[in-house]
There are 2 protein chains.
Amino acid sequence: MDLVDLIKNIKEYENKEINICGWIKNHRPQKEFGFISFNDGTTQNGIQVFYDKSIDNFEDVSHLLVGSAIKVIGIVVPSEGKDDYEIKASSIEILSSCPEDYPIQPKRHTREFLREQAYLRPRTNLFTAVFRVRSVAAYAIHSYFQKNNYVYIHTPIITASDCEGAGQMFQVTTLDIENNKKIDYSKDFFGKKTSLTVSGQLQAETCALAYKKVYTFGPTFRAEESNTKTHAAEFWMIEPEIAFADLNEDMTIMEESLKYVVKYVLDNAKDEIKFLDSFVEKGLINKLEKLVSSKFTRITHEECIKLLIDSGKKFEFEPKYGEDIAKEHEKYITEYFNGPVFIYNWPKDIKAFYMKQNEDGKTVAAVDLEVPEAGELMGGSQREENYDKLLNRMKELNMDTKSMEWYLNLRRFGSCVHSGFGMGFERLLIYLTGVDNIRDVILYPRTTKNCEF
Amino acid sequence: MDLVDLIKNIKEYENKEINICGWIKNHRPQKEFGFISFNDGTTQNGIQVFYDKSIDNFEDVSHLLVGSAIKVIGIVVPSEGKDDYEIKASSIEILSSCPEDYPIQPKRHTREFLREQAYLRPRTNLFTAVFRVRSVAAYAIHSYFQKNNYVYIHTPIITASDCEGAGQMFQVTTLDIENNKKIDYSKDFFGKKTSLTVSGQLQAETCALAYKKVYTFGPTFRAEESNTKTHAAEFWMIEPEIAFADLNEDMTIMEESLKYVVKYVLDNAKDEIKFLDSFVEKGLINKLEKLVSSKFTRITHEECIKLLIDSGKKFEFEPKYGEDIAKEHEKYITEYFNGPVFIYNWPKDIKAFYMKQNEDGKTVAAVDLEVPEAGELMGGSQREENYDKLLNRMKELNMDTKSMEWYLNLRRFGSCVHSGFGMGFERLLIYLTGVDNIRDVILYPRTTKNCEF
């Protein structure tokens with residue numbers, strides 16, 4: 001039996017015998033009896049187990065330390081403590097007793113300490129909440145797209161091409177590089193130079209032109225040496241791609257899917273979100289509920305810059321037409337509109353080659369979603385569906401059009417207006433949990449000089 | 001509007017106007033009218049569009065070739081053809097006309113040809129069925145585990161350790177290997193030698209001892225140079241891990257989850273499975289339904305060998321106690337029991353270090369699931385939860401116990417009986433679709449000397 005099922009239906013179990021395995025989270029042994037904070041990890045809060053000398057092994061049990069694994073047989077009874085119910089044990093079997101040097105004690109540990117104990121930190125209340133929210137949010141994403149007729153596709157992780165021509169990549173090889181004098185890629189596993197993917201978008205486009213609506217949800221990689229709170233070398237991305245959808249529809253889907261996921265997490269990870277609201281980010285529930293009920297604003301990049309200039313506010317970075325916007329600008333804009341803001345039609349020179357060129361010759365049909373207290377949470381664009389325009393843009397950027405012939409051909413064979421977007425899963429989790437460091441929403445984070453466990 | 005929704009509720013749309021975008025799959029233009037096999041890719045079967053001279057651009061439309069993208073406005077009317085309904089077009093907007101050299105024509109293409117056209121093959125009926133089954137099966141897996149209180153975890157892709165000491169691995173690096181005289185891993189991105197994961201199991205165990213029930217579903221990698229129908233260098237795996245579960249419970253979960261997924265696909269990809277039953281594997285539906293309703297047999301490895309020997313059958317490989325079994329043996333056993341068979345308690349020397357050592361000193365609590373017409377579909381084991389036994393086994397095998405201290409420590413801090421299993425997602429798909437080559441159930445397969453798109 002899982003504790004979560006017991007707690008969900010606790011009234012039905014009143015005065016009935018149950019049998020459950022789990023761990024001691026806290027222990028207050030007294031002379032004649034004792035209280036155990038008990039959890040099997042399927043719930044945020046656990047349940048109290050009360051025992052007294054009526055159990056066979058009272059002495060042994062009363063010496064058990066935090067972290068020990070036990071099997072409890074007992075009766076569910078109304079509690080006199082803070083919870084409604086507790087278990088009155090008739091037997092406690094010791095599955096393993098945990099030693100004193102167990103690092104996870106019932107006190108507040110610093111997040112830095114817990115990162116060093118990454119293989120044990122899932123057991124803490126904080127990471128129980130974070131990783132269960134992660135799981136529930138992942139399911140919410142699948143659930144939204146599957147309900148809406150999207151096909152889930154697995155785009156390749158190992159790739160011989162570089163999606164945006166940008167982004168530093170990890171090389172993948174089976175060559176014996178330590179003893180090789182000369183690197184001969186024809187002898188490498190794939191017979192050529194290969195890397196880890198930075199995005200599945202281009203491959204996703206091939207499927208959108210087959211199934212209309214598709215999405216990816218998989219790991220992506222950036223070999224950036226940035227040691228910040230929001231960068232990891234390995235992270236998960238969701239990349240939906242939709243045929244016959246223009247930028248406006250793209251924004252509608254971005255808004256709808258984000259609200260769905262946030263609402264789903266609020267509804268299906270109640271205890272976890274409540275815990276995070278209490279101990280990590282005060283006001284978290286309010287923030288999330290507000291997002292779900294808000295209407296997202298849509299403004300062009302030009303309107304955004306005008307607004308920033310007209311504000312008269314002194315920014316560290318001066319807002320300029322034709323240029324990117326800074327974090328402080330994002331913050332101002334979301335506060336100004338008091339909610340999420342889509343900024344669309346970006347200067348083409350600061351955006352990727354595949355984006356739909358607008359008629360003004362200066363902008364592309366790209367969009368960033370800025371969310372209060374989160375910054376950029378999603379980015380998308382309508383894709384250039386015109387063969388000649390795409391080819392010219394690639395030539396302007398000195399891209400290898402030969403190896404990208406298949407991508408160009410999508411514009412010859414059944415081409416149509418299509419759009420898509422990307423969402424970094426860990427950014428979403430930072431927003432959903434209130435935890436501010438990406439290292440604390442990933443089980444075993446991979447960052448510069450860090451690849452433990 | 002998605003075609004799948006229109007078809008699902010077609011009666012409600014009778015005599016109503018609809019507006020839908022999609023592609024021409026086949027076209028039979030006549031002098032005064034024409035028939036288009038139309039699909040937007042959200043369904044297996046599509047719908048027929050009828051048009052005549054009443055549309056403005058009759059001439060242009062009647063010259064459209066297969067693959068062209070169109071937007072149809074029309075009325076849903078009862079059909080005189082093989083389907084119940086068709087669309088009588090009042091307007092057909094040409095979104096893009098497809099040229100004659102479009103490789104995907106309405107005829108049978110060989111699978112070899114389609115592999116070369118991998119970016120277009122998702123548009124064929126075969127791959128529409130395969131990749132939608134892939135998507136539905138993936139969702140079924142999430143759905144089963146989430147409903148049963150499992151936490152979905154993302155174990156790392158880049159790793160500094162090698163799960164089973166076996167399996168050739170891909171190296172991951174940011175060193176400039178072409179121009180580096182001496183390889184200095186302290187200068188590599190992670191400051192050490194790193195590879196692509198071959199399994200997330202060991203990391204999953206750390207989470208099972210926190211949340212009781214967890215599962216992974218992500219890509220894994222093997223740099224094996226085997227050019228067979230069932231090997232790919234990059235494939236997806238599902239690895240559940242369950243605390244407080246012994247090998248028997250493990251088998252129960254394996255059986256239950258497999259049946260759930262197969263049943264879910266039968267119920268939720270009806271048209272796709274019907275197509276595959278007709279054109280790829282006659283009897284597919286029967287095979288899958290039989291699996292769902294069967295009771296899986298459980299026999300020990302020793303019983304299995306005895307059965308093979310006692311059969312008196314001449315095998316190419318002679319069955320032997322203490323050794324692995326061959327494909328022909330698997331086949332005999334599943335035919336003998338006329339259904340899936342769990343073979344458990346394997347000779348320890350041919351199994352992994354982490355498996356629970358049985359009291360006989362010779363076997364470990366490992367299990368393989370053999371399925372008729374599929375062979376081994378899942379493999380699992382109870383894990384050794386005893387610190388000393390695990391340590392001794394690792395020493396026997398000359399493993400580096402220092403770098404695995406965290407894994408060993410799981411046996412010091414809250415250790416308990418726990419078990420898990422792994423299922424290769426593509427193997428399952430080969431079974432579900434009847435397609436016999438792993439290259440045809442992966443969007444862009446990665447195999448020896450092959451990394452296209």
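Data block above holds the structure.
Residues numbered from 1 in each chain as written. Chains lettered and ligands numbered in written order. Predicted model: local features only at pLDDT ≥ 70, side-chain atom pairs only at ≥ 80, totals over all residues. Heavy atoms only, no water.

Q: I'd like a description of the sheet that holds strand 13 (residues 341-347) of chain B, backed by residues and values.
A: All names here are of chain B. One open sheet accounts for eight strands, arranged 6-10-11-16-15-14-13-12; its pairing is mixed. Every interior strand has two partners, whereas the edge strands, strand 6 (151-153) and strand 12 (297-300), have only one. Taken over all neighbouring pairs, the strand axes of this sheet differ in orientation by 20° on average, direction set aside. Summarising the sheet, strand 13 and strand 14 (residues 363-371) pair through six bridges and their orientation is antiparallel. Among the inter-strand pairings, Tyr344 is bridged to a residue of strand 14, identified as Val367. This element, helix 5 (residues 125-147), spans strand 6, strand 10 (213-221), strand 11 (234-243) and strand 16 (418-424) of the sheet and lies at about 150° to strand 10. Packed onto the sheet, helix 7 (residues 247-268) meets strand 11, strand 12, strand 13, strand 14, strand 15 (375-382) and strand 16 and runs at close to 145° relative to strand 15. (Pairing = 2+ DSSP bridges. Helix = DSSP H or I, 4+ residues; strand = E, 2+ residues; numbered from the N terminus. Axes fitted to C-alpha atoms, helices over the stretch in contact; angles between N-to-C directions. Contact = heavy atoms within 4.5 Å.)

Q: Describe the pairing of strand 15 of chain B, and please don't skip the residues or the numbers.
A: Residues and elements named next belong to chain B. Among the eight residues that make up strand 15, six are buried, leaving the element largely enclosed by the rest of the structure. Pairing analysis gives six bridges linking strand 14 to strand 15, with the strands arranged antiparallel. Looking at strand 15, one finds that Ala366 is bridged to Ser381. Counted along the chain from strand 14 to the antiparallel partner strand 15, the turn is three residues long, and its residue Glu373 has a positive phi close to 65°. (Buried < 20%, exposed > 50% of the residue type's maximum accessible area, 1.4 Å probe, protein only.)

Q: A description of the pattern of salt bridges should follow, citing residues and the corresponding values.
A: Counted according to the given criterion, the structure contains 51 salt bridges over all chains. Between Glu452(A) and Lys192(B) there is a salt bridge whose closest N-O contact spans 3.0 Å. Residue Glu452(A) is found in the segment after helix 14 (425-433), and its partner Lys192(B) is found in the loop between strand 8 (171-173) and strand 9 (194-196); the two belong to separate chains. Classification of Lys192(B) as partly exposed rests on a relative accessible area of 27%. Note that Asp184(B) and Lys187(B) form a salt bridge whose closest N and O atoms lie 3.5 Å from each other. (Salt bridge = Lys/Arg side-chain N within 4 Å of Asp/Glu carboxyl O.)

Q: Hey, could you go over the interface of chain A and chain B for me, with residue numbers and the actual values?
A: Of the residues lining the interface, 110 residues belong to chain A; the matching set on chain B comes to 110 residues. Carbon and sulfur atoms make up 61% of the surface buried where chain A meets chain B, a total of about 9000 Å² over both sides. For the pair chain A and chain B, the interface holds 11 salt bridges. In terms of residue count, the dominant contributor to the side of chain A that touches chain B is helix 5 (residues 125-147) of chain A (12 residues). A class-by-class count of the residues in the side of chain A that touches chain B yields 58 nonpolar, 31 polar and 21 charged. Sheet topology note: the strand 8 (residues 171-173) of chain A/strand 8 of chain B ladder contains three bridges and is antiparallel. From the neighbouring strand, Gln171(A) faces strand 8 of chain B, where its bridge partner is Thr173(B). (Buried area = accessible area lost by both parts, 1.4 Å probe. Nonpolar A, V, L, I, M, F, W, Y, C, P; charged D, E, K, R; others polar.)

Function cannot be read off these values alone, since they describe shape.
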